[in-house]
Amino acid sequence: MSNVLEILILASEKAARIARSCAGNNDSILIAEKSYDANPRFDKDFKTIADVLAQEAAKSLIVSYIPELKDYVRGEECSDIGGVTISLKETLQETIDLLKIILPEETAKCMAEAAHSDIKNMECETIPNLGSIDYSDLGVWIDPIDGTAEFIAGVRGEAKPGHGLQCVTVLIGAYKRSTGEPVIGVINQPFYNGGTGRVIWGISYGDIKLCSHEKSTSLPRKLILMSSAENENVINKFKDLGWEIQSVPGAGHKLLKVALGEATAYLVSKGTTFRWDTCGPHSILSSLGGDIINFTDFSLVKYNDPDHLDSQIYCNKHGIIAFLNQHVFEEIQQVLKEFI
């Protein structure tokens, strides 16, 4: 297999299957509080064993098809949880034995089976041929389970209406290491349609602009997604000008809603999103004529930072504005000038 888009889709589905293997089973989401890369937006930031195993399984699949990317497939999560370094082993039994160190045997078996499941014959729509891709210039960012708080609440049955598993996404994006430009993106919703799941992808590679979803031709609704912790003056300014403001969970979930035309834009003035949150969705938005830019100076968000993993380096520290239509961005830009 040489089609990098198809490989990223299959990797996202591998992560999605691991996430789904946890549904309804509280024992399968061993939770650890992050200390090394916690999101400053939260008093406490968490990861689960599903996050870690999903990331390692997705990385393993990508590298198995494209060995040249071995040192350039990176993700949000450190592979250590509960004092155990998680990896996808050569055999199912070896992965079960590893997970059994920190999980009950039955849940370890369930998660390992998802991680080792055969997805080569996964029914996908026809994937376009991208032609010759220079793998030596590609890097990949993975957010294995975006919306971990919603994932935990959903698995435990504690999610509020409109929250929980429906807000969980798997985000995978490829970018050019030479320029930092996002080029291929995949958003997988593992729990969409009662757990059937769905995949949205986009390509913005040179002259190739393709997306699995058609851009809406209707007039955009004046709806901006923001965090409830956003600058109150910014929120009130948009409201005064007739914009509707909504707060929904998950960076990937918000970005997907913009890509699908369900929201006009997503705005973050602070450094609370990261490269792994935005790389995949950025490519999808670009394929539809949209973009993600820095909040503070309206420059493009790029993804080719130094090679060592440091959450503060990979933070989108200047905030972001994600949009689908250029004229919408121009209107937002005029509103924000007094705050920048």
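Just so it is clear, the model here is predicted, and its values are computed rather than measured.

Parameters and conventions
Residues numbered from 1 in each chain as written. Predicted model: local features only at pLDDT ≥ 70, side-chain atom pairs only at ≥ 80, totals over all residues. Heavy atoms only, no water. Axes fitted to C-alpha atoms, helices over the stretch in contact; angles between N-to-C directions. Helix = DSSP H or I, 4+ residues; strand = E, 2+ residues; numbered from the N terminus. Parallel < 35°, antiparallel > 145°, perpendicular 65-115°, else oblique. Left-handed = near helix turned anticlockwise from the far one by under 90°. Contact = heavy atoms within 4.5 Å. Nonpolar A, V, L, I, M, F, W, Y, C, P; charged D, E, K, R; others polar. UniProt positions renumbered as here; feature names shortened; annotations may be inferred. Buried < 20%, exposed > 50% of the residue type's maximum accessible area, 1.4 Å probe, protein only. Salt bridge = Lys/Arg side-chain N within 4 Å of Asp/Glu carboxyl O.

Notes on the packing of helix α1 (residues 4-21) against helix α2 (residues 49-65)
At step 1: Direction vectors running N to C along α1 and α2 enclose 155°, while the axes themselves pass 8 Å from each other. Relative to α2, α1 is oriented roughly antiparallel. Crossing geometry of α1 relative to α2 is assigned as right-handed. Only A50, L53, A54, A57, A58, L61, I62 and Y65 of α2 make contact with α1, whose side of the interface consists of I7, L8, L10, A11, K14, A15 and I18.
At step 2: For the contact of α1 with α2, the residue count by class is 14 nonpolar, no polar and one charged.

Quick word on the UniProt feature "binding site: Mg(2+)" (unreviewed entry) in the protein
At step 1: Taken from the UniProt record, the annotation "binding site: Mg(2+)" (unreviewed entry) applies to E76, D143, I145, D146 and D277. Sequence-wise these annotated residues cover 202 residues; spatially they are packed, their C-alpha atoms never more than 10.0 Å apart.
At step 2: Since its relative accessible area comes to 12%, E76 is described here as buried.
At step 3: Tracing the sequence through the fold places D146 in strand β6 (residues 138-146).
At step 4: With residues near it in sequence (within four places) discarded, D146 still touches C167, V168, T169, L171, G250, A251, G252, H253 and D277.

A short note on the pattern of salt bridges
At step 1: Following the criterion strictly, the structure yields seven salt bridges and no others.
At step 2: Residues K109 and E113 are paired through a salt bridge, measuring 2.6 Å at the closest nitrogen-oxygen approach. With K109 and E113 both in helix α4 (residues 105-115) and four residues apart, this pair spans about one turn of that helix.

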